[in-house]
Amino acid sequence: MDVSVTSRVVGDRTVVDVTGEIDVYTAPALREELASLIDREHTDLVVDLTAVKFMDSTGLGVLVGALKKVRTIGGDLRLVIDQEKILKVFRITALTQVFTIHASIDEALAEQG
Amino acid sequence: MPYNELNQRPARVLLVEDDDGDALLVSELLADSGIQVDLQRARSVEEAARRLDVECVLLDLGLPDAAGFSALDRVLAAPRPPAVVVLTGLAETGQGLQAVARGAQDYLVKGEVSPELLARAVRYAIQRRRAETQERDLYRAQLRASETSRLERALLPTPLVGDGELEVLVGYRAGRDGLLGGDFYDVVERADGSVAAVVGDVAGHGPDEAALGATLRTAWRTSVLAGLPAAQVLDVVEQILSAERGRPEIFATLVMVVVDPERSSMELFLCGHPTPFLLDDPTTSLPSAHRGRALGIPVLGGWTSVRVELGDRWRIILFTDGVLETTIDGGSARLGEEGLQEIMAEQVRGGRGRHADASRLSLVDRILEAVRARHGGDLVDDTALVVLGWGQDA
(Lines give C-alpha, C1' and ligand atoms only; values in the text may rest on other atoms or scores of the structure.)
Protein backbone atom coordinates (compact mmCIF):
# COMPACT_ATOMS: atom_id res chain seq x y z
CA MET A 1 0.00 0.00 0.00
CA ASP A 2 2.19 2.75 -1.23
CA VAL A 3 2.06 5.56 -3.71
CA SER A 4 4.43 6.54 -6.50
CA VAL A 5 4.36 10.03 -7.99
CA THR A 6 6.29 10.95 -11.14
CA SER A 7 6.00 13.87 -13.50
CA ARG A 8 6.76 14.61 -17.15
CA VAL A 9 6.48 17.71 -19.30
CA VAL A 10 4.10 17.48 -22.27
CA GLY A 11 4.09 20.69 -24.30
CA ASP A 12 3.06 23.56 -22.02
CA ARG A 13 1.70 21.22 -19.40
CA THR A 14 3.16 18.97 -16.75
CA VAL A 15 1.58 15.56 -16.32
CA VAL A 16 1.76 14.06 -12.82
CA ASP A 17 1.31 10.30 -12.84
CA VAL A 18 0.08 8.89 -9.54
CA THR A 19 0.06 5.16 -8.88
CA GLY A 20 -1.14 3.31 -5.79
CA GLU A 21 -3.19 4.41 -2.80
CA ILE A 22 -3.48 7.95 -1.49
CA ASP A 23 -4.31 7.95 2.21
CA VAL A 24 -3.17 9.60 5.40
CA TYR A 25 0.23 7.91 5.22
CA THR A 26 0.99 8.39 1.52
CA ALA A 27 -0.62 11.78 0.87
CA PRO A 28 2.49 13.71 2.03
CA ALA A 29 4.47 12.25 -0.91
CA LEU A 30 1.89 13.64 -3.35
CA ARG A 31 1.80 16.98 -1.53
CA GLU A 32 5.58 17.31 -1.72
CA GLU A 33 5.79 16.44 -5.41
CA LEU A 34 3.04 18.92 -6.31
CA ALA A 35 4.56 21.66 -4.14
CA SER A 36 7.97 21.08 -5.67
CA LEU A 37 6.57 21.30 -9.21
CA ILE A 38 4.71 24.52 -8.41
CA ASP A 39 7.86 25.97 -6.82
CA ARG A 40 9.68 25.24 -10.08
CA GLU A 41 6.93 27.13 -11.93
CA HIS A 42 5.14 24.14 -13.39
CA THR A 43 1.72 25.66 -12.89
CA ASP A 44 -0.33 24.01 -15.61
CA LEU A 45 -0.75 20.57 -14.15
CA VAL A 46 -2.62 17.45 -15.25
CA VAL A 47 -2.81 14.92 -12.43
CA ASP A 48 -3.46 11.45 -13.80
CA LEU A 49 -5.32 9.38 -11.22
CA THR A 50 -6.20 6.45 -13.51
CA ALA A 51 -3.70 4.18 -11.74
CA VAL A 52 -4.88 5.17 -8.26
CA LYS A 53 -6.58 2.34 -6.42
CA PHE A 54 -7.83 4.30 -3.44
CA MET A 55 -8.09 7.88 -2.26
CA ASP A 56 -9.37 9.30 1.03
CA SER A 57 -10.16 12.81 2.25
CA THR A 58 -6.49 13.54 3.01
CA GLY A 59 -5.71 13.05 -0.70
CA LEU A 60 -8.61 15.32 -1.63
CA GLY A 61 -7.20 17.98 0.69
CA VAL A 62 -3.81 17.77 -1.04
CA LEU A 63 -5.38 18.23 -4.48
CA VAL A 64 -7.60 21.10 -3.32
CA GLY A 65 -4.53 22.77 -1.79
CA ALA A 66 -2.54 22.42 -5.02
CA LEU A 67 -5.46 23.68 -7.10
CA LYS A 68 -5.82 26.81 -4.96
CA LYS A 69 -2.11 27.44 -5.17
CA VAL A 70 -1.84 27.20 -8.98
CA ARG A 71 -5.01 29.24 -9.54
CA THR A 72 -3.68 32.15 -7.49
CA ILE A 73 -0.68 32.30 -9.83
CA GLY A 74 -2.65 31.94 -13.04
CA GLY A 75 -2.17 28.21 -13.52
CA ASP A 76 -4.57 25.29 -13.58
CA LEU A 77 -4.85 21.77 -12.29
CA ARG A 78 -6.89 19.18 -14.16
CA LEU A 79 -7.60 15.64 -13.13
CA VAL A 80 -7.83 12.45 -15.12
CA ILE A 81 -10.16 9.91 -13.53
CA ASP A 82 -11.60 6.85 -15.27
CA GLN A 83 -12.82 4.81 -12.31
CA GLU A 84 -16.21 5.23 -10.71
CA LYS A 85 -14.91 4.53 -7.18
CA ILE A 86 -12.41 7.41 -7.37
CA LEU A 87 -14.91 9.72 -9.06
CA LYS A 88 -17.37 8.94 -6.26
CA VAL A 89 -15.00 10.40 -3.66
CA PHE A 90 -15.09 13.69 -5.57
CA ARG A 91 -18.82 13.54 -6.18
CA ILE A 92 -19.70 12.91 -2.53
CA THR A 93 -17.90 16.08 -1.47
CA ALA A 94 -19.08 18.07 -4.55
CA LEU A 95 -15.44 18.62 -5.51
CA THR A 96 -16.49 17.60 -9.03
CA GLN A 97 -17.63 21.22 -9.27
CA VAL A 98 -14.21 22.52 -8.30
CA PHE A 99 -11.95 20.44 -10.52
CA THR A 100 -12.00 19.98 -14.25
CA ILE A 101 -12.12 16.20 -14.58
CA HIS A 102 -11.31 14.31 -17.78
CA ALA A 103 -11.87 10.66 -18.56
CA SER A 104 -8.54 10.16 -20.30
CA ILE A 105 -5.11 11.76 -20.47
CA ASP A 106 -5.55 12.39 -24.22
CA GLU A 107 -8.75 14.28 -23.57
CA ALA A 108 -7.09 16.34 -20.86
CA LEU A 109 -4.14 17.24 -23.08
CA ALA A 110 -6.34 18.02 -26.11
CA GLU A 111 -8.28 20.57 -24.07
CA GLN A 112 -7.11 24.12 -24.63
CA GLY A 113 -5.94 25.71 -21.38
CA MET B 1 28.96 23.82 54.08
CA PRO B 2 30.77 24.22 50.77
CA TYR B 3 28.55 24.55 47.77
CA ASN B 4 29.81 21.41 46.09
CA GLU B 5 28.29 19.25 48.78
CA LEU B 6 25.11 19.95 46.93
CA ASN B 7 26.59 19.98 43.49
CA GLN B 8 29.82 18.33 42.37
CA ARG B 9 31.02 21.18 40.17
CA PRO B 10 31.62 24.85 41.01
CA ALA B 11 28.58 27.09 40.69
CA ARG B 12 28.72 29.32 37.61
CA VAL B 13 28.10 32.87 38.80
CA LEU B 14 27.90 35.99 36.66
CA LEU B 15 28.65 39.26 38.40
CA VAL B 16 27.06 42.23 36.63
CA GLU B 17 28.85 45.25 38.03
CA ASP B 18 30.25 48.33 36.29
CA ASP B 19 32.43 49.44 39.20
CA ASP B 20 35.83 47.69 39.21
CA GLY B 21 36.31 48.28 42.94
CA ASP B 22 32.97 46.71 43.84
CA ALA B 23 33.67 43.83 41.47
CA LEU B 24 36.99 43.12 43.15
CA LEU B 25 35.34 43.24 46.54
CA VAL B 26 32.74 40.67 45.56
CA SER B 27 35.28 38.30 44.04
CA GLU B 28 37.40 38.50 47.22
CA LEU B 29 34.40 37.89 49.44
CA LEU B 30 33.56 34.82 47.38
CA ALA B 31 37.15 33.58 47.56
CA ASP B 32 37.16 34.03 51.35
CA SER B 33 33.89 32.20 51.77
CA GLY B 34 35.29 28.88 50.55
CA ILE B 35 32.39 28.42 48.13
CA GLN B 36 33.49 26.86 44.83
CA VAL B 37 32.44 29.27 42.09
CA ASP B 38 33.34 29.87 38.49
CA LEU B 39 32.96 33.65 38.57
CA GLN B 40 32.48 35.66 35.39
CA ARG B 41 32.02 39.37 35.11
CA ALA B 42 29.90 41.57 32.88
CA ARG B 43 30.05 45.36 32.98
CA SER B 44 26.64 46.10 31.52
CA VAL B 45 23.21 44.58 31.06
CA GLU B 46 23.90 44.41 27.35
CA GLU B 47 26.93 42.22 27.99
CA ALA B 48 25.19 40.18 30.68
CA ALA B 49 22.21 39.40 28.45
CA ARG B 50 24.47 37.36 26.15
CA ARG B 51 25.97 35.38 29.03
CA LEU B 52 22.98 34.20 31.05
CA ASP B 53 23.96 30.53 30.83
CA VAL B 54 24.93 30.54 34.52
CA GLU B 55 23.31 29.35 37.72
CA CYS B 56 23.34 32.65 39.53
CA VAL B 57 23.58 36.32 38.60
CA LEU B 58 24.84 38.86 41.11
CA LEU B 59 23.25 42.01 39.79
CA ASP B 60 24.19 45.54 40.72
CA LEU B 61 21.04 47.64 40.60
CA GLY B 62 22.98 50.84 39.82
CA LEU B 63 24.19 49.99 36.32
CA PRO B 64 24.62 52.96 33.97
CA ASP B 65 22.78 51.28 31.06
CA ALA B 66 19.76 50.12 33.07
CA ALA B 67 17.44 52.44 34.89
CA GLY B 68 15.33 51.15 37.76
CA PHE B 69 14.57 47.44 37.52
CA SER B 70 15.03 47.10 33.77
CA ALA B 71 18.23 45.06 34.20
CA LEU B 72 16.48 42.66 36.56
CA ASP B 73 13.47 42.36 34.27
CA ARG B 74 15.73 41.60 31.34
CA VAL B 75 17.58 38.82 33.17
CA LEU B 76 14.32 37.31 34.39
CA ALA B 77 12.86 37.41 30.88
CA ALA B 78 15.45 34.87 29.66
CA PRO B 79 13.96 31.55 28.54
CA ARG B 80 15.41 29.72 31.53
CA PRO B 81 16.46 32.56 33.84
CA PRO B 82 19.24 31.97 36.35
CA ALA B 83 18.85 32.72 40.05
CA VAL B 84 19.33 36.43 40.75
CA VAL B 85 20.81 38.07 43.84
CA VAL B 86 20.54 41.83 43.66
CA LEU B 87 23.26 44.11 45.09
CA THR B 88 22.04 47.46 46.35
CA GLY B 89 23.65 50.48 47.94
CA LEU B 90 23.23 51.22 51.63
CA ALA B 91 20.55 53.81 50.96
CA GLU B 92 18.53 51.52 48.68
CA THR B 93 17.40 48.60 50.82
CA GLY B 94 13.82 49.34 49.82
CA GLN B 95 14.86 48.61 46.23
CA GLY B 96 16.24 45.25 47.33
CA LEU B 97 12.86 44.22 48.70
CA GLN B 98 11.13 45.43 45.55
CA ALA B 99 13.59 43.42 43.46
CA VAL B 100 12.66 40.26 45.39
CA ALA B 101 9.01 41.05 44.83
CA ARG B 102 9.73 41.28 41.09
CA GLY B 103 11.32 37.84 41.01
CA ALA B 104 14.88 38.07 42.35
CA GLN B 105 15.74 35.33 44.82
CA ASP B 106 17.51 37.56 47.35
CA TYR B 107 19.21 40.92 47.85
CA LEU B 108 22.40 42.02 49.59
CA VAL B 109 23.40 45.49 50.73
CA LYS B 110 26.87 46.47 49.56
CA GLY B 111 29.15 47.21 52.50
CA GLU B 112 27.18 44.94 54.82
CA VAL B 113 28.14 41.69 53.18
CA SER B 114 30.33 39.11 54.90
CA PRO B 115 31.86 36.18 52.99
CA GLU B 116 29.49 33.79 54.77
CA LEU B 117 26.44 35.88 54.00
CA LEU B 118 27.36 36.16 50.32
CA ALA B 119 28.07 32.43 50.00
CA ARG B 120 24.80 31.53 51.68
CA ALA B 121 22.81 33.97 49.52
CA VAL B 122 24.28 32.50 46.32
CA ARG B 123 23.73 28.90 47.46
CA TYR B 124 20.16 29.43 48.58
CA ALA B 125 19.27 31.48 45.54
CA ILE B 126 20.41 28.64 43.26
CA GLN B 127 18.47 26.09 45.32
CA ARG B 128 15.33 28.18 45.26
CA ARG B 129 15.58 28.79 41.53
CA ARG B 130 16.08 25.07 40.91
CA ALA B 131 12.99 24.23 42.96
CA GLU B 132 11.00 26.86 41.06
CA THR B 133 12.17 25.44 37.72
CA GLN B 134 11.18 21.92 38.72
CA GLU B 135 7.83 23.16 39.87
CA ARG B 136 7.32 24.99 36.59
CA ASP B 137 8.33 21.95 34.54
CA LEU B 138 5.91 19.85 36.55
CA TYR B 139 3.21 22.42 36.01
CA ARG B 140 3.90 22.43 32.28
CA ALA B 141 3.72 18.64 32.13
CA GLN B 142 0.40 18.75 33.95
CA LEU B 143 -0.81 21.45 31.61
CA ARG B 144 0.08 19.34 28.55
CA ALA B 145 -1.69 16.32 30.01
CA SER B 146 -4.77 18.37 30.77
CA GLU B 147 -4.68 19.91 27.29
CA THR B 148 -4.76 16.45 25.75
CA SER B 149 -7.66 15.40 27.91
CA ARG B 150 -9.41 18.70 27.27
CA LEU B 151 -9.05 18.10 23.53
CA GLU B 152 -10.48 14.61 23.99
CA ARG B 153 -13.36 16.00 26.01
CA ALA B 154 -13.98 18.63 23.37
CA LEU B 155 -14.04 16.00 20.63
CA LEU B 156 -16.04 13.47 22.63
CA PRO B 157 -18.85 15.30 24.36
CA THR B 158 -21.58 13.83 26.50
CA PRO B 159 -24.83 13.88 24.53
CA LEU B 160 -27.19 16.57 25.80
CA VAL B 161 -30.47 14.70 25.58
CA GLY B 162 -33.18 14.70 28.25
CA ASP B 163 -35.49 12.23 26.54
CA GLY B 164 -34.77 8.92 28.28
CA GLU B 165 -36.90 7.04 25.75
CA LEU B 166 -34.59 7.91 22.89
CA GLU B 167 -31.68 5.55 22.51
CA VAL B 168 -28.47 7.57 22.07
CA LEU B 169 -25.18 5.73 21.61
CA VAL B 170 -21.90 7.38 20.66
CA GLY B 171 -18.45 6.03 19.94
CA TYR B 172 -15.03 7.31 18.93
CA ARG B 173 -11.77 5.53 18.23
CA ALA B 174 -8.47 7.27 17.58
CA GLY B 175 -6.60 5.88 14.58
CA ARG B 176 -3.68 3.48 14.73
CA ASP B 177 -0.86 4.64 17.05
CA GLY B 178 -3.33 6.98 18.77
CA LEU B 179 -3.56 9.07 15.60
CA LEU B 180 -5.99 11.87 16.40
CA GLY B 181 -7.97 12.98 13.42
CA GLY B 182 -10.62 15.59 12.94
CA ASP B 183 -13.61 13.28 13.42
CA PHE B 184 -16.25 14.54 15.80
CA TYR B 185 -19.82 13.88 16.90
CA ASP B 186 -22.49 15.48 19.03
CA VAL B 187 -26.13 14.99 19.99
CA VAL B 188 -28.28 17.77 21.44
CA GLU B 189 -31.97 17.99 22.31
CA ARG B 190 -33.51 21.33 21.47
CA ALA B 191 -36.05 23.31 23.47
CA ASP B 192 -38.87 22.20 21.15
CA GLY B 193 -38.10 18.55 21.88
CA SER B 194 -36.44 17.83 18.55
CA VAL B 195 -33.05 16.09 18.73
CA ALA B 196 -30.17 17.11 16.48
CA ALA B 197 -27.16 14.86 15.87
CA VAL B 198 -24.00 15.39 13.86
CA VAL B 199 -21.00 13.36 12.76
CA GLY B 200 -18.22 15.23 10.99
CA ASP B 201 -14.74 14.79 9.60
CA VAL B 202 -12.08 17.45 9.06
CA ALA B 203 -9.90 16.43 6.08
CA GLY B 204 -6.43 15.45 7.22
CA HIS B 205 -5.09 13.99 10.44
CA GLY B 206 -3.18 15.36 13.38
CA PRO B 207 -3.51 17.63 16.39
CA ASP B 208 -4.42 20.71 14.29
CA GLU B 209 -7.27 18.88 12.58
CA ALA B 210 -8.38 17.43 15.93
CA ALA B 211 -8.45 20.91 17.46
CA LEU B 212 -10.41 22.21 14.47
CA GLY B 213 -12.83 19.28 14.79
CA ALA B 214 -13.37 20.22 18.44
CA THR B 215 -13.96 23.84 17.43
CA LEU B 216 -16.51 22.89 14.76
CA ARG B 217 -18.24 20.57 17.20
CA THR B 218 -18.57 23.41 19.71
CA ALA B 219 -19.79 25.81 17.01
CA TRP B 220 -22.39 23.23 15.98
CA ARG B 221 -23.60 22.67 19.56
CA THR B 222 -23.76 26.40 20.24
CA SER B 223 -25.75 27.13 17.10
CA VAL B 224 -28.17 24.27 17.77
CA LEU B 225 -28.71 25.33 21.38
CA ALA B 226 -29.17 28.93 20.25
CA GLY B 227 -32.17 27.68 18.28
CA LEU B 228 -30.88 28.45 14.78
CA PRO B 229 -32.69 26.67 11.94
CA ALA B 230 -30.72 23.60 10.83
CA ALA B 231 -29.58 25.06 7.50
CA GLN B 232 -28.21 28.15 9.27
CA VAL B 233 -26.35 25.95 11.74
CA LEU B 234 -24.40 24.62 8.74
CA ASP B 235 -23.66 28.18 7.57
CA VAL B 236 -22.26 29.06 10.98
CA VAL B 237 -20.13 25.90 11.13
CA GLU B 238 -18.75 26.66 7.67
CA GLN B 239 -17.95 30.25 8.63
CA ILE B 240 -16.10 29.05 11.71
CA LEU B 241 -14.24 26.50 9.59
CA SER B 242 -13.13 29.16 7.11
CA ALA B 243 -12.03 31.48 9.89
CA GLU B 244 -10.24 28.94 12.07
CA ARG B 245 -8.56 26.56 9.64
CA GLY B 246 -4.78 26.65 9.47
CA ARG B 247 -4.53 26.10 5.70
CA PRO B 248 -7.01 27.18 3.04
CA GLU B 249 -7.31 23.68 1.55
CA ILE B 250 -8.76 22.21 4.73
CA PHE B 251 -12.41 21.25 4.35
CA ALA B 252 -14.84 19.22 6.37
CA THR B 253 -17.66 16.83 5.62
CA LEU B 254 -20.57 16.19 7.93
CA VAL B 255 -23.95 14.59 8.23
CA MET B 256 -26.62 16.14 10.42
CA VAL B 257 -30.05 14.85 11.34
CA VAL B 258 -32.86 16.56 13.22
CA VAL B 259 -35.37 14.09 14.65
CA ASP B 260 -38.80 15.65 15.19
CA PRO B 261 -40.30 15.85 18.72
CA GLU B 262 -42.70 12.96 17.91
CA ARG B 263 -39.71 10.79 16.94
CA SER B 264 -41.43 9.59 13.78
CA SER B 265 -39.50 11.48 11.10
CA MET B 266 -36.31 13.43 10.61
CA GLU B 267 -34.56 15.95 8.40
CA LEU B 268 -31.33 14.64 6.91
CA PHE B 269 -28.52 16.96 5.74
CA LEU B 270 -25.60 15.49 3.82
CA CYS B 271 -22.60 17.77 3.42
CA GLY B 272 -20.10 15.86 1.33
CA HIS B 273 -20.38 13.01 3.81
CA PRO B 274 -21.07 9.27 3.49
CA THR B 275 -24.79 8.46 3.71
CA PRO B 276 -25.93 7.17 7.11
CA PHE B 277 -27.72 3.82 7.48
CA LEU B 278 -31.01 2.58 8.79
CA LEU B 279 -29.53 0.20 11.34
CA ASP B 280 -31.55 -2.99 11.21
CA ASP B 281 -31.39 -6.52 9.86
CA PRO B 282 -30.73 -6.01 7.01
CA THR B 283 -29.03 -2.61 7.36
CA THR B 284 -29.75 -0.23 4.46
CA SER B 285 -28.68 3.23 3.31
CA LEU B 286 -30.84 6.26 4.04
CA PRO B 287 -31.78 8.36 0.99
CA SER B 288 -28.97 10.46 -0.44
CA ALA B 289 -30.97 12.39 -3.04
CA HIS B 290 -30.27 15.83 -1.57
CA ARG B 291 -26.55 15.36 -1.26
CA GLY B 292 -24.78 18.68 -0.75
CA ARG B 293 -21.20 19.82 -0.94
CA ALA B 294 -18.52 19.55 1.73
CA LEU B 295 -17.97 22.56 4.01
CA GLY B 296 -15.17 24.95 3.20
CA ILE B 297 -14.73 24.16 -0.51
CA PRO B 298 -15.01 26.91 -3.11
CA VAL B 299 -18.45 25.94 -4.44
CA LEU B 300 -21.43 28.20 -4.01
CA GLY B 301 -24.77 27.19 -2.61
CA GLY B 302 -26.19 26.00 0.68
CA TRP B 303 -27.71 22.73 1.73
CA THR B 304 -31.20 21.32 1.58
CA SER B 305 -32.48 18.45 3.64
CA VAL B 306 -34.44 15.39 2.78
CA ARG B 307 -37.30 14.40 5.05
CA VAL B 308 -37.21 10.76 6.11
CA GLU B 309 -40.27 9.02 7.58
CA LEU B 310 -39.05 6.70 10.31
CA GLY B 311 -42.19 5.03 11.68
CA ASP B 312 -42.56 4.02 15.33
CA ARG B 313 -39.59 1.71 15.70
CA TRP B 314 -36.29 2.62 14.15
CA ARG B 315 -32.58 2.99 14.62
CA ILE B 316 -30.13 5.02 12.52
CA ILE B 317 -26.35 5.16 12.52
CA LEU B 318 -24.16 8.09 11.45
CA PHE B 319 -20.46 7.38 10.87
CA THR B 320 -17.26 8.77 9.40
CA ASP B 321 -15.33 7.21 6.54
CA GLY B 322 -12.85 5.56 8.94
CA VAL B 323 -15.11 2.50 9.18
CA LEU B 324 -16.23 2.64 5.56
CA GLU B 325 -12.82 2.82 3.96
CA THR B 326 -10.93 0.42 6.18
CA THR B 327 -9.11 -2.41 4.45
CA ILE B 328 -10.20 -5.97 5.22
CA ASP B 329 -8.24 -9.01 6.35
CA GLY B 330 -4.95 -7.14 6.07
CA GLY B 331 -5.29 -6.92 2.27
CA SER B 332 -5.97 -3.98 0.00
CA ALA B 333 -9.73 -4.55 -0.47
CA ARG B 334 -11.94 -2.01 1.31
CA LEU B 335 -14.92 -2.76 3.50
CA GLY B 336 -17.23 -0.39 1.61
CA GLU B 337 -20.93 0.28 2.14
CA GLU B 338 -22.14 -3.27 1.61
CA GLY B 339 -19.47 -4.81 3.81
CA LEU B 340 -20.22 -2.33 6.57
CA GLN B 341 -23.96 -2.95 6.27
CA GLU B 342 -23.39 -6.70 6.62
CA ILE B 343 -21.32 -6.22 9.76
CA MET B 344 -23.94 -3.91 11.25
CA ALA B 345 -26.84 -6.28 10.46
CA GLU B 346 -24.89 -9.09 12.14
CA GLN B 347 -24.47 -6.99 15.28
CA VAL B 348 -28.16 -6.08 15.28
CA ARG B 349 -29.02 -9.81 15.08
CA GLY B 350 -26.51 -10.61 17.81
CA GLY B 351 -28.00 -7.97 20.08
CA ARG B 352 -31.58 -9.17 19.83
CA GLY B 353 -33.07 -10.56 23.01
CA ARG B 354 -30.52 -8.81 25.18
CA HIS B 355 -31.44 -5.91 27.36
CA ALA B 356 -29.89 -2.68 26.14
CA ASP B 357 -28.63 -1.80 29.61
CA ALA B 358 -26.82 -5.09 30.16
CA SER B 359 -23.23 -4.65 31.21
CA ARG B 360 -21.98 -6.12 27.95
CA LEU B 361 -20.68 -3.89 25.17
CA SER B 362 -23.08 -1.39 23.62
CA LEU B 363 -24.18 -1.83 20.02
CA VAL B 364 -21.78 0.94 18.93
CA ASP B 365 -18.84 -0.71 20.68
CA ARG B 366 -19.76 -4.10 19.22
CA ILE B 367 -19.88 -2.61 15.72
CA LEU B 368 -16.50 -0.94 16.23
CA GLU B 369 -15.06 -4.22 17.53
CA ALA B 370 -16.49 -6.16 14.59
CA VAL B 371 -15.04 -3.68 12.05
CA ARG B 372 -11.70 -3.85 13.85
CA ALA B 373 -11.75 -7.65 13.69
CA ARG B 374 -12.62 -7.57 9.98
CA HIS B 375 -9.73 -5.16 9.37
CA GLY B 376 -7.37 -7.33 11.38
CA GLY B 377 -6.20 -4.76 13.93
CA ASP B 378 -6.65 -1.13 14.98
CA LEU B 379 -8.11 1.00 12.18
CA VAL B 380 -5.71 3.38 10.43
CA ASP B 381 -8.14 6.29 10.46
CA ASP B 382 -10.01 7.69 13.40
CA THR B 383 -13.73 7.02 13.53
CA ALA B 384 -16.82 8.57 15.07
CA LEU B 385 -20.23 6.89 15.32
CA VAL B 386 -23.65 7.98 16.55
CA VAL B 387 -26.66 5.69 16.88
CA LEU B 388 -30.14 7.08 17.56
CA GLY B 389 -32.97 4.66 18.21
CA TRP B 390 -36.67 4.74 19.08
CA GLY B 391 -39.00 2.02 20.26
CA GLN B 392 -36.16 -0.46 20.72
CA ASP B 393 -36.31 -3.08 23.48
CA ALA B 394 -39.40 -1.37 24.88
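Quick caveat, the model's predicted, so the values are computed rather than measured.

Novice: Would you explain the sheet that holds strand E1 (residues 11-16) of chain B in this entry?
Specialist: Pairing between sheet strands relies on hydrogen bonds along the backbone, with the strands arranged either parallel or antiparallel. Residue and element names in this part refer to chain B. Ordered by their spatial adjacency, five strands build an open sheet running E2-E1-E3-E4-E5, and the pairing between neighbours is parallel. Strands with a single pairing partner mark the edges of an open sheet, and in this sheet they are strand E2 (37-42) and strand E5 (106-109). Taking each pair of neighbouring strands and ignoring which way they run, the sheet shows an average axis angle of 20 degrees. In this structure, strand E3 (residues 56-60) lies alongside strand E4 (residues 83-88), joined through five bridges in parallel fashion.

Novice: Can you walk me through the sheet that holds strand E1 (residues 3-10) of chain A in this structure?
Specialist: Residues and elements named next belong to chain A. Reading across the sheet, the five strands line up as E1-E2-E3-E4-E5 and stay open at both edges, with mixed pairing between neighbours. Unpaired on one side and paired on the other, E1 and strand E5 (100-102) mark the two borders of the sheet. Adjacent strand axes in the sheet meet at a mean angle of 25 degrees, parallel and antiparallel pairs treated alike. Pairing geometry for strand E4 (residues 76-80) and E5, over three bridges, is parallel. Residue pairing across strands places Val-80 opposite His-102, the latter belonging to E5. This element, helix H2 (residues 57-72), spans strand E2 (13-22), strand E3 (44-55) and E4 of the sheet and lies at about 145 degrees to E4.

Novice: Could you clarify how one ought to interpret the UniProt feature "modified residue: 4-aspartylphosphate" (unreviewed entry) in chain B in this entry?
Specialist: Here the UniProt-annotated "modified residue: 4-aspartylphosphate" (unreviewed entry) positions come out as Asp-60 of chain B. Its location among the elements puts Asp-60 of chain B in strand E3.

Novice: Please clarify how helix H6 (residues 207-225) of chain B should be interpreted in this entry.
Specialist: The α-helix winds at 3.6 residues per turn, so residues separated by three or four positions along the chain end up facing the same way. Residue and element names in this part refer to chain B. Between the first and last C-alpha of H6 there are 27 Å, a value that for 19 residues agrees with the 27 Å anticipated at 1.5 Å per step. Glu-209, Ala-210, Leu-212, Gly-213, Ala-214, Leu-216, Arg-217, Ala-219, Trp-220, Arg-221, Ser-223 and Val-224 are the residues of H6 that are buried. One or two residues past the end of H6 sits Gly-227, with phi positive at roughly 85 degrees.

Novice: I'm lost on the environment of Asp-38 of chain B in this one. Help?
Specialist: Residues and elements named next belong to chain B. Here Asp-38 shows up in strand E2. Between the C-alpha atoms of Asp-38 and Ala-11, which are 27 residues apart in sequence, the distance is 5.9 Å. In this view, Asp-38 contacts Pro-10, Ala-11, Arg-12 and Val-13; residues no more than four positions away in its chain are not counted.

Novice: In this structure, what is going on with the interface of chain B and chain A? I would like to understand it.
Specialist: Residue-level contacts link 30 residues of chain B with 22 residues of chain A. Between chain B and chain A the total buried area reaches about 1900 Å² when both faces are included, carbon and sulfur atoms providing 63% of it. Taken as a group, Glu-249, Phe-251 and Arg-334 of chain B account for 25% of the area that chain B buries against chain A, more than any other trio of residues on that side. At the junction of chain B and chain A, the tally comes to one salt bridge. Our enumeration of links across chain B and chain A arrives at three residue pairs in polar contact (both at pLDDT 80 or more). If you list the elements that add at least two residues to the side of chain B that touches chain A, you get strand E8 (195-205) and strand E13 (291-292) of chain B. Per-element tally for the side of chain B that touches chain A: the top contributor is E8 of chain B, with four residues. Across the side of chain B that touches chain A, the residue classes tally to ten nonpolar, nine polar and eleven charged.

Novice: Would you mind showing me how to read the nonpolar core here?
Specialist: In globular proteins that are soluble, nonpolar side chains generally tend to be buried together. Residue and element names in this part refer to chain A. Ranked by internal contacts, the top residues of the largest apolar core, which has 37 residues, are Val-18, Leu-49, Leu-63, Phe-90 and Phe-99. When residues of this core are traced back to their parent elements, those giving at least two are E1, E2, helix H1 (27-39), E3, H2, E4 and helix H3 (84-92). Considering each element in turn, this core owes the most residues, seven residues, to H2. Those residues within four positions of Leu-63 in sequence are excluded, and the remaining contacts are Leu-30, Leu-34, Val-47, Leu-49, Met-55, Leu-77, Leu-79, Phe-90 and Phe-99.

Thresholds applied
Residues numbered from 1 in each chain as written. Chains lettered and ligands numbered in written order. Predicted model: local features only at pLDDT ≥ 70, side-chain atom pairs only at ≥ 80, totals over all residues. Heavy atoms only, no water. Pairing = 2+ DSSP bridges. Helix = DSSP H or I, 4+ residues; strand = E, 2+ residues; numbered from the N terminus. Axes fitted to C-alpha atoms, helices over the stretch in contact; angles between N-to-C directions. Contact = heavy atoms within 4.5 Å. UniProt positions renumbered as here; feature names shortened; annotations may be inferred. Expected span 1.5 Å × (residues − 1). Buried < 20%, exposed > 50% of the residue type's maximum accessible area, 1.4 Å probe, protein only. Buried area = accessible area lost by both parts, 1.4 Å probe. Salt bridge = Lys/Arg side-chain N within 4 Å of Asp/Glu carboxyl O. Polar contact = N/O pair within 3.5 Å; in protein donor to acceptor, adjacent residues only side chain to side chain. Nonpolar A, V, L, I, M, F, W, Y, C, P; charged D, E, K, R; others polar. Core = buried A, V, L, I, M, F, W, Y, C linked by side-chain atoms within 4.5 Å.

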